[in-house]
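Letter by letter, the chains look like this.
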Amino acid sequence: MLVSIASSTTSGSPLSASSLSSILSLASEALQLDADRALFLRFIESRMLRLAPNCSALVGTHLAARLVAQAGGLRALASMPACNVLLVGQQKQVFEGSGLALPRHSGILFQSDLVQSAPAALRQKTARVVANKLTLAARIDAQGAQNGENGAEYRRVIQEKVAKWQEPTPGMREKALPVPRD
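Just so it is clear, the structure is predicted and the values come from calculations on it, not from any experiment. (Residues numbered from 1 in each chain as written. Predicted model: local features only at pLDDT ≥ 70, side-chain atom pairs only at ≥ 80, totals over all residues. Heavy atoms only, no water.)

K.L.:
Would you mind going over the overall build of the protein chain with me for this structure?
P.N.:
Check the secondary structure of the protein chain and you find nine helices and zero strands. Listing each helix as α and each strand as β along the protein chain from the N terminus yields α-α-α-α-α-α-α-α-α. The 182 residues of the protein chain split such that 28% are buried. Summing over all exposed atoms, the protein chain offers an accessible surface of approximately 12800 Å²; the carbon and sulfur share of this is 59%. (Helix = DSSP H or I, 4+ residues; strand = E, 2+ residues; numbered from the N terminus. Buried < 20%, exposed > 50% of the residue type's maximum accessible area, 1.4 Å probe, protein only. Areas by Shrake-Rupley, 256 points an atom, 1.4 Å probe, with all protein chains shown as cover.)

K.L.:
Got a minute to help me understand the packing of aromatic side chains in this structure?
P.N.:
One pair of aromatic rings is described through two measures. These are the centre distance and the angle between the planes. Counting across every chain of the model gives zero aromatic pairs. Taking the ring centre of W165 as reference, the NZ or CZ of K125 above it sits at 4.4 Å. (Phe/Tyr/Trp six-rings, centres within 6.5 Å; stacked < 30°, edge-to-face > 60°. Lys NZ or Arg CZ within 6 Å of the ring centre and 35° of its normal.)

K.L.:
Just checking my understanding: could you explain the nonpolar core for this structure?
P.N.:
The nonpolar side chains of a soluble globular protein tend to be buried, and buried together. Among the nonpolar cores identified, the biggest contains 35 residues, and V59, L109 and L134 are the most heavily contacted of them. Put simply, the parts of the chain that give this core at least two residues each are α3 (53–59), α4 (61–71), α5 (74–79), α7 (113–116), α8 (123–142) and α9 (149–166). Here this core takes eight residues from α8, the largest share from any one element. With near-sequence residues (within four places) excluded, L134 lies in contact with C55, L58, V59, L67, V85 and L109. (Core = buried A, V, L, I, M, F, W, Y, C linked by side-chain atoms within 4.5 Å. Contact = heavy atoms within 4.5 Å.)

K.L.:
What exactly am I supposed to notice about the pattern of salt bridges here?
P.N.:
Any two side chains of opposite charge can pair, given that their charged atoms come close. What the rule picks out here adds up to three salt bridges. In this structure, the salt-bridge partner of R155 is D113, at a minimum N-O distance of 2.5 Å. With R155 in helix α9 and D113 in helix α7, the pair connects residues that are 42 residues apart, well separated along the chain. Between E153 and R156 there is a salt bridge, with the nearest N and O atoms lying 2.3 Å from each other. Placement of the pair is E153 and R156 together in helix α9, with a separation of three residues, close to one helical turn. In this structure, a network of salt bridges that share partners links the residues E153, R156 and E160. (Salt bridge = Lys/Arg side-chain N within 4 Å of Asp/Glu carboxyl O.)

K.L.:
Honestly, α9 in this entry has me stumped. Any pointers?
P.N.:
Along an α-helix, residues three or four positions apart point the same way, because every turn accommodates 3.6 residues. The terminal C-alpha atoms of α9 lie 26 Å apart, and with 18 residues this matches the ideal 26 Å at 1.5 Å per residue to within 8%. Turning to α9, its buried residues are G151, Y154, R155, I158 and V162. The buried side chains of α9 occupy one side of the element, clustering within an arc of 100 degrees when seen end-on. Among the exposed residues of α9, those pointing more than 90 degrees away from its buried face are E149 and K164. Where the residues of α9 are buried, they touch α3, α7 and α8. (Expected span 1.5 Å × (residues − 1). Arc of directions from axis to C-beta.)

K.L.:
Teacher, can you tell me more about a nonpolar patch on the surface here?
P.N.:
Residues L15, L20, I23 and L24 make up a contiguous nonpolar surface patch of roughly 380 Å² in combined accessible area. Mapped onto the elements of the fold, L24 is located in helix α2 (residues 17–51). The exposed category is assigned to L24, whose relative accessible area is 52%. (Patch = residues over 30% accessible without salt bridge, like charges linked within 9 Å, V, L, I, M, F, W, Y side chains within 5 Å.)

K.L.:
Hey, could you run me through the packing of α2 against α4 in this one?
P.N.:
Helix-helix packing is characterised by the crossing angle of the two axes and by the distance between the axes. The interhelical angle for the contact between α2 and α4, taken along N-to-C directions, is 75 degrees, at an axis separation of 9 Å. With respect to α4, the element α2 is oriented roughly perpendicular. Of the residues in α4, those in contact with L41, I44, E45, M48 and L49 of α2 are T61, H62, A64, A65 and V68. Residue composition of the contact of α2 with α4, by class: seven nonpolar, two polar and one charged. (Axes fitted to C-alpha atoms, helices over the stretch in contact; angles between N-to-C directions. Parallel < 35°, antiparallel > 145°, perpendicular 65-115°, else oblique. Nonpolar A, V, L, I, M, F, W, Y, C, P; charged D, E, K, R; others polar.)

K.L.:
Help me understand the packing of α8 against α9, please; the structure alone is not making it clear to me.
P.N.:
Where α8 meets α9, the axes come as close as 10 Å, and the angle between the chain directions of the two elements is 165 degrees. What the angle tells us is that α8 and α9 run roughly antiparallel. The handedness of the crossing between α8 and α9 comes out as right-handed. Seen from α8, the contacting residues are K125, T126, V129, V130, K133, L136, A137 and I140; seen from α9, they are N150, Y154, I158, K161, V162 and W165. (Left-handed = near helix turned anticlockwise from the far one by under 90°.)

Just geometry here; none of it tells us what the structure is for.
So, in structure tokens, the structure goes:
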């Protein structure tokens, strides 16, 4: 869309040498910023795998790092109740009446792939379960856990729960009538 707008508003003449060089330098700067961002994310991932392996195994290193940062540290996240973990990073709802409002209780945790992969009707319920398990994982990590076995197990349990919630309920079974006494 941007290309079509730009092509309809320009005169079609080639760029001057100075404009072309400034655009190329800005493009190379954008590529360098992207490379720096990737390096920074790899650094955070390596630190989070040592600091909070269970939280990282449960929701991913990037999301776990954001949660720990917003909560004020791993110990603060571990001491927080699960209902408050759900609200960490929640934005103030500016567009409340315009139809653009976010779902209620949609903090950073709502961006987890576990929550986003659930059907829309089950997302809030899934987010509460993820918050509960994340609180447990943070408490294990705060005690100095060395591996992410518990976080991986919690993730598997949550995926099984969501799959079970999606199964159709069994219908009413026909009960046989009792044998008449006559």
